[in-house]
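Geometric and topological summary
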Amino acid sequence: MTVKVRRQRPRRRVFWALVAVLLADLLALSDTLAVMSVDLGSESMKVAIVKPGVPMEIVLNKESRRKTPVIVTLKENERFFGDSAASMAIKNPKATLRYFQHLLGKQADNPHVALYQARFPEHELTFDPQRQTVHFQISPQLQFSPEEVLGMVLNYSRSLAEDFAEQPIKDAVITVPVFFNQAERRAVLQAARMAGLKVLQLINDNTATALSYGVFRRKDINTTAQNIMFYDMGSGSTVCTIVTYQMVKTKEAGMQPQLQIRGVGFDRTLGGLEMELRLREHLAGLFNEQRKGQRAKDVRENPRAMAKLLREANRLKTVLSANADHMAQIEGLMDDVDFKAKATRVEFEELCADLFERVPGPVQQALQSAEMSLDEIEQVILVGGATRVPKVQEVLLKAVGKEELGKNINADEAAAMGAVYQAAALSKAFKVKPFVVRDAVVYPILVEFTREVEEEPGVHSLKHNKRVLFSRMGPYPQRKVITFNRYSHDFNFHINYGDLGFLGPEDLRVFGSQNLTTVKLKGVGDSFKKYPDYESKGIKAHFNLDESGVLSLDRVESVFETLVEDSPEEESTLTKLGNTISSLFGGGTTPDAKENGTDTVQKPSEKAEAGPEGVAPAPEGEKKQKPARKQRMVEEIGVELVVLDLPDLPEDKLAQSVQKLQDLTLRDLEKQEREKAANSLEAFIFETQDKLYQPEYQEVSTEEQREEISGKLSAASTWLEDEGVGATTVMLKEKLAELRKLCQGLFFRVEERKKWPERLSALDNLLNHSSMFLKGARLIPEMDQIFTEVEMTTLEKVINETWAWKNATLAEQAKLPATEKPVLLSKDIEAKMMALDREVQYLLNKAKFTKPRPRPKDKNGTRAEPPLNATASDQGEKVILPAGQTEDAEPISEPEKVETGSEPGDTEPLELGGPGAEPEQKEQSTGQKRPLKNDEL
C-alpha cells in the first residue's frame, strides 16, 4: 500500500473554498425545501407533500382528485397518465398498462408473470435474456421494462407534487408492500433513479400507516404498551400487522413515543382486483349467454369489451357493498350490442367464497410471528379500499373475536401521510417531533460458508456453516459484522435467505430465488504475507440493512493484532515544543511566582505515568518503561459480488433508460407547450371577434379599425384550421403576438375608460379629506400648534397642484375623440394620489408621536384655568410633577434643540409615504433655527 504526500494549501484558500461550498449548499437547500411521499398502491397512488407553511398535505391531481390511478398509456407520439390513461384503456387496451408493479423483480418463469398474462392477455410480454425478466412490447418500436414504466409513474407523481408545491422537489419517501423481497425493493429504487428522484427511504406501507396513526394520537401513547392490529386489504394484496405503541426513553430526546412492528402476515393475491376479475368473468358469461343463438364471438376475445367489463365490475363491486342488488349496464359492449344484467350481493359473495375464506389467514400469520394471542390485541383497525366489502368485515370480525372493527383512520390516505411525515423527519429542512420507528425484518438473512476442518490427525473434511445475519422479526435499520476465523487464503461465502417455512409452497414459488449473493474475496492470503508476525483476528465482513430494507456489504477487512513494547519514554519534539509554548503563555514557572511563594503544578506528558504525590521526579538518567500495548492493523480485502436473485441493470443500461424517460418527458412538455400555444391563439381569436361587437369596444374604435382587426382575425383563424396542425410552437406564439400588437391600442383605450370612474372618485375623496385636514390644522391655537407653517404651506401647494392637474387633464381629455389615445391615464392618477398621500401621512405621523406640552402657570404659582367656553380639546392634560419638586419650583428651561424620537412602548411609526419612517424636522424658510416647542420635545 502506497502513501501519497500532498502539498498543504494555504489555509485562506481552503477557508474560502469551504465558505463557497456552504453557501452553495444553503442556496440549493432554499430552492428545494419541499419533500414528498408516494403511496404506491396496485390500483391507485396518493401523493403528499410537506413544505414551509404547508404541513402534510395530500396533493390534488389535474382533475382535482386526491387519488390518482396508477395507469400509463403509451402511444407512438404521446403518453397519458392517471384518469386520462384510464379513459384510454377502453380505446387502446393494449397500450394501456396497469398493475405492472406485480412484475417488478420477477423473472420470466415466476408464477406471477403467468398470472399477469392470464389476467391481461391483451399485453404482449417479451423475454429479456440478459436479466431473465419480461418487457412490455407496445409496438415494434416501443418496448419498456416494468421498472421503466414505474419510473414514468414516479416522474408523473413528482410533477403533480411540484405543481401543487410551486417549487421543484427531488426528495421522496416511497411506500412498498411489506412482503417485497430484496430484488423487488432494488427494482423500485432503480425506477426512482430513472425518474430522477432521491429516495430518502422505501417505507413499508403498513409501517407508514402505523406511523400516521401514532402521530395523530401521540397524546394517547404512554409507558403502557398498546397492541394495535391493522388489517389492510387493498386492490392487489392483503397485509395484517401488529404494532406496539409505547413511550420509551431515548438518548437524544428523552421520553418519546415509539412504534414497533411485532408481527406481519400477508396474502400476495387476496384483494379487490381478484374480486373484480371474478365479477368480470361472471358478466362476460351473462353477455355470451344472451347472444348464444346469434353465432356471436366470445366477448372474452375482444380486449376493448373486456376492458369495459372490468370497469363495470369495479363499479359494481363498490355499489354492491352498500346495496343488495344492482343493474349492470354497458352501452355498446361489443358489435354495437348493449349489455344489461342484474347482479346481487349474494351472487358476488358466492363468486368470491374461496377468497373470503382466506381473509383470516394473514391474521393468524401475524399472531404467530408476534408470538401473541388475540387477547393481547386491544383494537383491530381496517385499512384499504377492499375492506369496505361487507363480507370481508363479517369474516374478519368473526376471526378476531372483537365486538367491532375500528374505522377511525382514513383508509385511503393514512400511508401517504405517514410516509410524508417520515420524509420531513429525514429531510434537513424540517424539524418534526421525534417518533421512534422500529420496523421488522420479514425474511431472515444468513451467511453460509464451508471450511476445511481436521477431525482426526491427518483426516480433513469440509464443514458447512450457517450464521444468522438478520433474524425474522428483528429490528432494522441495523449493521452487523460477521467474523470468519481460521482462513488464511482467499475464499467465498454466500448470502441467502434464512428459514422461509412460514411461506406456503405457492408463496415460495412466487418468492423467487432464495439465494442472494455469492461473495468472492481476493487478497486474504496477501494480507497474511504482509503481516507475518501479527496474530490474525479474523476476516470481518460488515453488512448493512438500511432504512429501505435493502441489504448491502459495506466492506471486508482482514484484522491483525500484536503486542508492542514502547522504548523508554523520552520527550518528543512535539512535547518539547508544547512546553516551550506553554511557558511563553504563563504555563512555566516565572521568577515572580517563586518570589511570591507559588509554584506552578507541572502536568505529566501524555505518555508519562502519574507518580505518587510528594515523590520527587526520577533522575533524568532513569527512564520509565511503559507496559506493552496492542497494535491493530486492518487490511481491506477485495470483493467480487455475484448476484443470484435478480441482476440489477448495468450502469450503461440504466443510463439508457434514464435518457429514454427524459426524452419522453421532454417530448410531452413540448407537446403541452404547443397545445397551450394553439389554445391561447384560438381563444384570443374568438374572444376578440366577440369583443368587436360590444358597445364599449365600438365606442373607442372606428369602423375602419374594426374591419382591419376583424380581417386579420379571420385570416389567422383560417390559417389555424388549414396549417395549424403542422405549425410549431414558435409559429403559434408569433401569430398570437402579432394579433395582440394589432389590438393593443383598442384594448388599452377600453381598459383606461373602465378604470377612470374608480380612480377619479378615489382622487376626489383624497383631495377633499386632505383639504379638510389642512383646514383643521390651521385652526389649532398657536400654543398647541404642532405643525410648522412650512409644512402646512407645502401640503396646501400639493393640494392646489393636484386640483389644477386634474381639471386641466379632464378638459384636455374632453376635447379628444374616444378613438384617440387618452391623455388621462390611470397610472398618472395613481402617481398624483401617492404624492398627496405622502404629504398627509407625514403630518399624521408627526401628530401621532408628538407629546402634548404642559400648561404655563401664573405669577401666584397656580395653574391658569382655561376659559369657561373652552372645549375639551383645548384643555391641557394634568401634569404629574416629579418626586421632590413642588409647584413653586422654577420651571426647567427648554433646550434649544431636541431630536424627535419615539418613546419606549410606542407603536412602530409609519414611514413617510410608507411604514417605518419617523417625521423629519423641517427648517423655517428663513434658514434660521427656531426654538422647539414643548410638544416637540
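Residues numbered from 1 in each chain as written. Predicted model: local features only at pLDDT ≥ 70, side-chain atom pairs only at ≥ 80, totals over all residues. Heavy atoms only, no water.

Looking at an unreviewed UniProt entry, one finds the protein chain named Hypoxia up-regulated protein 1 and attributed to Rhinopithecus roxellana. Under the UniProt heading Sequence similarities (unreviewed entry), the entry covering the protein chain gives this text: "Belongs to the heat shock protein 70 family." (UniProt positions renumbered as here; feature names shortened; annotations may be inferred.)

**Describing the overall build of the protein chain**
Secondary structure summary: the protein chain contains 23 helices and 29 strands in total. Buried positions account for 43% of the 937 residues belonging to the protein chain. Taking all contacts inside the protein chain whose residues are at least 6 apart in sequence as the whole, residues at least 24 apart take part in 71%. (Helix = DSSP H or I, 4+ residues; strand = E, 2+ residues; numbered from the N terminus. Buried < 20%, exposed > 50% of the residue type's maximum accessible area, 1.4 Å probe, protein only. Contact = heavy atoms within 4.5 Å.)

**Some points on helix α11 (residues 361-370)**
Within the sequence span of α11, burial applies to Pro362, Val363, Ala366, Leu367, Ser369 and Ala370. For α11, the angular spread of buried residues about the axis comes to 165 degrees, placing them on one side. In the core, the buried residues of α11 are packed alongside β13 (226-233), β14 (238-250), β15 (254-267) and α12 (390-400). Looking one or two residues past α11, Glu371 carries a phi angle of roughly 55 degrees, positive in sign. (Arc of directions from axis to C-beta.)

**Details of the pattern of salt bridges**
By the definition in use, this model includes 43 salt bridges. Here Glu506 and Arg509 are joined by a salt bridge, their closest N and O atoms 3.3 Å apart. Taken together, the residues span about one helical turn, with Glu506 and Arg509 both in helix α14 (residues 505-511) at a distance of three residues. One network of salt bridges, in which partners are shared, links Lys75, Glu78, Lys671 and Glu675. (Salt bridge = Lys/Arg side-chain N within 4 Å of Asp/Glu carboxyl O.)

**Comments concerning the sheet that holds strand β9 (residues 133-137)**
Ordered by their spatial adjacency, three strands build an open sheet running β8-β9-β10, and the pairing between neighbours is antiparallel. Edge positions in the sheet fall to β8 (125-128) and β10 (143-144), since each of these pairs with one other strand and no more. When β8 meets β9, the two strands line up antiparallel, connected through four bridges. Looking at the pairing, Asp128 lines up with Thr133 of β9. (Pairing = 2+ DSSP bridges.)

**Thoughts on empty space enclosed by the protein**
Following the criterion strictly, the structure yields eight cavities of 30 Å³ or more and no others. The volume enclosed by the largest cavity comes to roughly 140 Å³. Around the largest cavity, the lining is made up of 15 residues, and of these Gln182, Arg185, Val441, Val442 and Gly549 lie nearest the centre. Class assignment of the residues belonging to the lining of the largest cavity gives a composition of ten nonpolar, four polar and one charged. Roughly 70 Å³ of internal volume is contained in the second largest cavity. (1 Å grid on protein atoms, 1.4 Å probe; cavity = no way out; pocket = protein on both sides within 12 Å on 5 of 7 lines; lining within 4 Å. Points joined across faces, edges and corners; volume = space filled by probe spheres on them. Nonpolar A, V, L, I, M, F, W, Y, C, P; charged D, E, K, R; others polar.)

**Brief notes about the environment of Met36**
Tracing the backbone shows Met36 in strand β1 (residues 35-40). Residues Met36 and Met417, spaced 381 residues apart in sequence, show a C-alpha to C-alpha distance of 9.8 Å.

**So, the packing of helix α4 (residues 146-165) against helix α5 (residues 182-194)**
Contact geometry of α4 with α5 gives a least axis separation of 8 Å together with a crossing angle of 55 degrees. The angle between α4 and α5 falls in the class oblique. Handedness of the crossing formed by α4 with α5: right-handed. Here Glu147, Glu148, Leu150, Gly151 and Leu154 of α4 lie close against α5, whose contacting residues are Ala187, Val188, Ala191, Ala192 and Met194. (Axes fitted to C-alpha atoms, helices over the stretch in contact; angles between N-to-C directions. Parallel < 35°, antiparallel > 145°, perpendicular 65-115°, else oblique. Left-handed = near helix turned anticlockwise from the far one by under 90°.)

**Quick look at the packing of aromatic side chains**
Under the definition given, this model contains 28 aromatic pairs. Ring centres of Tyr497 and Phe511 lie 4.7 Å apart, and the angle between their planes is 75 degrees; this geometry places the pair in the edge-to-face category. Of this pair, Tyr497 sits in strand β24 (residues 492-497) while Phe511 sits in helix α14, placing them 14 residues apart in sequence. Overall, Tyr497 belongs to the buried group, its relative accessible area being 5%. Where Phe528 meets Phe560, the ring centres are 5.1 Å apart and the plane angle is 80 degrees; that geometry is what we call edge-to-face. Remark: Phe560 occurs in strand β27 (residues 551-564) and Phe528 occurs in helix α15 (residues 524-530); sequence separation between them is 32 residues. For Phe528, a relative accessible area of 22% translates into the label partly exposed. An aromatic cluster of three or more residues is present, and its members are Phe179, Phe180, Phe266, Tyr443, Tyr497, Phe502 and Phe511. A cation over a ring is seen here: Lys691 above Phe747, with NZ or CZ 4.8 Å from the ring centre. For Lys735, the ring lying beneath its charged end belongs to Trp719, and the centroid distance is 5.0 Å. (Phe/Tyr/Trp six-rings, centres within 6.5 Å; stacked < 30°, edge-to-face > 60°. Lys NZ or Arg CZ within 6 Å of the ring centre and 35° of its normal.)

**Remarks on the confidence of the model for the protein chain**
Confidence along the protein chain averages 83 in pLDDT terms, with 81% of residues attaining 70 or more. The least confident element of the protein chain, judged by mean pLDDT, is helix α17 (residues 591-595) at 37; the most confident is strand β11 (residues 171-176) at 97. Counting contacts from residues 580-622, a segment whose pLDDT is below 50, to residues more than four positions away or on other chains yields 15 contacts. (pLDDT = per-residue confidence, 0-100.)

**Things to note about the nonpolar core**
Within the largest apolar cluster, 129 residues are counted, with the highest numbers of intra-cluster contacts made by Phe230, Tyr245, Phe484, Phe493 and Phe543. Summarising the domain contributions, this core has at least three residues from each of domain 1 (35-219 + 417-435) and domain 2 (443-564 + 636-643). Not counting residues up to four positions away in its chain, the partners in contact with Phe543 are Val447, Leu469, Phe470, Gln478, Arg479, Lys480, Ile482, Phe493, Ile495, Leu551, Ser552 and Leu553. Counting residues in hydrophobic clusters, the runner-up holds 45 residues, among them Leu316, Leu367, Ala370 and Leu382. (Core = buried A, V, L, I, M, F, W, Y, C linked by side-chain atoms within 4.5 Å. Domains from an automatic or database assignment.)

**Regarding the sheet that holds strand β23 (residues 478-484)**
In space, the four strands of this open sheet follow the order β23-β26-β27-β28, with antiparallel pairing throughout. The sheet is open, and its two edges are formed by β23 and β28 (629-636), each paired on a single side. Pairwise comparison of adjacent strand axes, ignoring direction, gives a mean angle of 30 degrees for this sheet. Bridging between strand β26 (residues 535-545) and β27 involves nine bridges; their strand directions are antiparallel.

**A word on the side chain of His542**
Structurally, the position occupied by His542 is in strand β26. Every residue in contact with His542, bar those within four places of it in the chain, is listed here: Lys480, Val481, Ser552, Leu553, Asp554, Arg555 and Glu557.

**Quick word on unusual backbone geometry**
The step from Tyr476 to Pro477 runs through a cis peptide bond, and the omega angle for that step is 10 degrees. Position of Pro477 among the secondary structure elements: in the loop between β22 (475-476) and β23. The phi torsion at Ser64 lies on the positive side, around 65 degrees, for a residue other than glycine. Not every positive phi belongs to a glycine, and Met473 is a case in point at roughly 65 degrees. Tracing the sequence through the fold places Met473 in the loop between β21 (459-470) and β22. Classification of Met473 by relative accessible area gives buried; the value is 16%.

**Considering a negative patch on the surface**
Judged by side-chain charge, Glu682, Glu721, Asp722 and Glu723 come together as a negatively charged surface patch. Following the sequence through the fold, Glu682 ends up in helix α18 (residues 651-691). (Patch = residues over 30% accessible without salt bridge, like charges linked within 9 Å, V, L, I, M, F, W, Y side chains within 5 Å. Areas by Shrake-Rupley, 256 points an atom, 1.4 Å probe, with all protein chains shown as cover. Lys, Arg positive; Asp, Glu negative; His and termini not counted. Charge placed at Lys NZ, Arg CZ, Asp CG, Glu CD.)

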